[in-house]
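Reading the structure
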Amino acid sequence: MGESGSDRAWAVPSRPIPAPPVRAPRSTEQAATGPTARTGYPVPMTAPAPLWSFLGPAGTFTEMALRQVAPVDVELDPCPDVPTALDHLRERTVEAAVVPIENSVEGGVNATLDNLVASTPLVIAAEMAVPITFVLAGRPGTRLEDVRAISTHPHAWAQCRGWVHQNLPEAVYVAGTSTSAPARALATTEGDTGFQAVLCNPLAAKQYGLEVIAGGVADNPDAVTRFVKVTRPGRVGEPTGADKTTLLVHLPHDRSGALLDMLEQFSARGVNLSRIESRPVGDSLGRYRFSIDVEGHVREERVQAALIGLHRTCPVVRFLGSYPRAGRPPDGGPGRHQRQGLRRGPLLGRRRPRRPRALAGARAAARPCSPPVQHRHAGLAVAVERAVEG
């Protein structure tokens, strides 16, 4: 990723307008015998069921997360890994993708964090939290003492390795692409698969006809994995009062205090960070980008002001979506920033009850989207406005 001037004002591009579908002309015979000709009234067309991709196969925790937000008639496109699921979205073969992004034990899912900003950018439209429960399962008749190798996803292994160390200290770990892929392989493959048991959720074990050897094998019974619904860029949804905004930020290369300058853009405006993770840029040692979740919506003035400050101090700032926070209060209920009386921006049309002192020094940069924009960062304000309007 370069650090040209165009990157500094980068925002989510407008969604490309798809070409109208080309329909074959109906023949005279079809026109005479069609539904309209028979009844005299046009018959409404039935819209095809939406197609969503996800980290498969069937029975994964990702599918459980997908069912929380997908339409009832959704058709599923299970994919072998996260990049494939997101590539199908970029290729417009699916309408949305659901992938894991963070685990309460192991942290961020690097495959998702890196792929979201690779190639054509995508945005997060929703998040879902799924409690994680694991069992050790194998083919019918497998005993605990028969297990010499175990396969599962790396994050699942990290959540169960304490139990495995205590109960199967000699067992070897075999990496899997998901928690359900090894279960399916063990159930459908004849002969030796290289492992005798898998760590998966109870539903996957039942779905593939495996026998539970041991239950409750997770080291932390309160573990939760966060999943996200990813879509192509478009108009950002309305605020709910309990939202998150995800950003990708590059720091200036080899400049003292760069990280402090970036963090001050949030603290000076009362914007709280719920997650921040560093990832290597990849072009050389010592260069990092930060994946950040902030509490608030891009349509709130304080978040807009923070974005303006980031564009002023960082070479690359990418907006990756504003979306309702998992477990949020019902729509219309007070969110955290509403209870504290933080300012709401002009885009929301709400009364501003009070302004924290922390915002006083940022007042000049705090009205980026009120037309006409007349300050020295007007170009950056347009970039924020583009992110809001889609």
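Quantities reported herein were computed from a predicted structural model and do not represent experimental measurements.

Let us look at the pairing of strand β11 (residues 224–231). With six of eight residues buried, β11 lies mostly within the body of the structure. Here strand β3 (residues 96–103) pairs with β11 via six bridges, running antiparallel. The residue bridging E102 from the neighbouring strand is R226, located in β11.

This part covers empty space enclosed by the protein. Throughout the structure, instances matching the rule amount to five cavities of 30 Å³ or more. One number sums up the size of the largest cavity: a volume of about 200 Å³. Taken together, 17 residues make up the lining of the largest cavity; nearest its centre are F61, P100, H153, T179 and T225. Secondary structure elements with two or more residues in the lining of the largest cavity: α4 (61–69), β3, α7 (154–167) and β11. Taken together, the residues that form the lining of the largest cavity break down as eight nonpolar, nine polar and no charged.

Where helix α10 (residues 258–267) meets helix α11 (residues 301–313), the closest approach of the two axes is 8 Å, and the angle between their N-to-C directions is 165 degrees. With respect to their mutual orientation, α10 and α11 come out roughly antiparallel. Note on packing geometry: the crossing formed by α10 with α11 is right-handed. Along its contact with α10, which presents M262, Q265 and F266, the element α11 presents A306, G309, L310, R312 and T313. The residue makeup of the contact of α10 with α11, split by class, is four nonpolar, three polar and one charged.

Read from one edge of the open sheet, five strands run β8-β7-β9-β6-β10, paired in mixed fashion. Edge positions in the open sheet fall to β8 (172–175) and β10 (211–215), since each of these has one partner strand only. Geometrically, the sheet is characterised by an average inter-axis angle of 30 degrees between neighbouring strands, direction not taken into account. Pairing geometry for strand β6 (residues 135–138) and strand β9 (residues 197–200), over four bridges, is antiparallel.

Most peptide bonds take the trans form, and the phi angle of most residues other than glycine is negative. Residue G56 is joined to P57 through a cis peptide bond whose omega torsion reads 5 degrees. Despite not being glycine, R92 has its phi angle at roughly 65 degrees, a positive value. When you line up the elements, R92 lands in the loop between α5 (82–90) and β3.

Turning next to α7. With 14 residues, α7 extends 19 Å from end C-alpha to end C-alpha; this agrees with the ideal 20 Å at 1.5 Å per step. Along its length, α7 shows its largest kink, about 55 degrees, at C160. Regarding α7, the residues found buried are H155, A156, W157, A158, Q159, C160, W163 and V164.

Next up on the list: the packing of aromatic side chains. One pass over the full model with this rule turns up two aromatic pairs. Pairing W157 with Y173 gives two aromatic rings, centres 4.6 Å apart and planes at 15 degrees, and the pair type is stacked. You can see W157 sitting in helix α7 and its partner Y173 sitting in strand β8, a full 16 residues away along the chain. Residue W157 is classed as buried on the basis of its relative accessible area of 14%.

Rules used in this analysis
- Residues numbered from 1 in each chain as written.
- Predicted model: local features only at pLDDT ≥ 70, side-chain atom pairs only at ≥ 80, totals over all residues.
- Heavy atoms only, no water.
- Buried < 20%, exposed > 50% of the residue type's maximum accessible area, 1.4 Å probe, protein only.
- Helix = DSSP H or I, 4+ residues; strand = E, 2+ residues; numbered from the N terminus.
- Pairing = 2+ DSSP bridges.
- 1 Å grid on protein atoms, 1.4 Å probe; cavity = no way out; pocket = protein on both sides within 12 Å on 5 of 7 lines; lining within 4 Å.
- Points joined across faces, edges and corners; volume = space filled by probe spheres on them.
- Nonpolar A, V, L, I, M, F, W, Y, C, P; charged D, E, K, R; others polar.
- Axes fitted to C-alpha atoms, helices over the stretch in contact; angles between N-to-C directions.
- Parallel < 35°, antiparallel > 145°, perpendicular 65-115°, else oblique.
- Left-handed = near helix turned anticlockwise from the far one by under 90°.
- Contact = heavy atoms within 4.5 Å.
- Expected span 1.5 Å × (residues − 1).
- Bend = angle between axes of the 7 residues up to and from the residue.
- Phe/Tyr/Trp six-rings, centres within 6.5 Å; stacked < 30°, edge-to-face > 60°.

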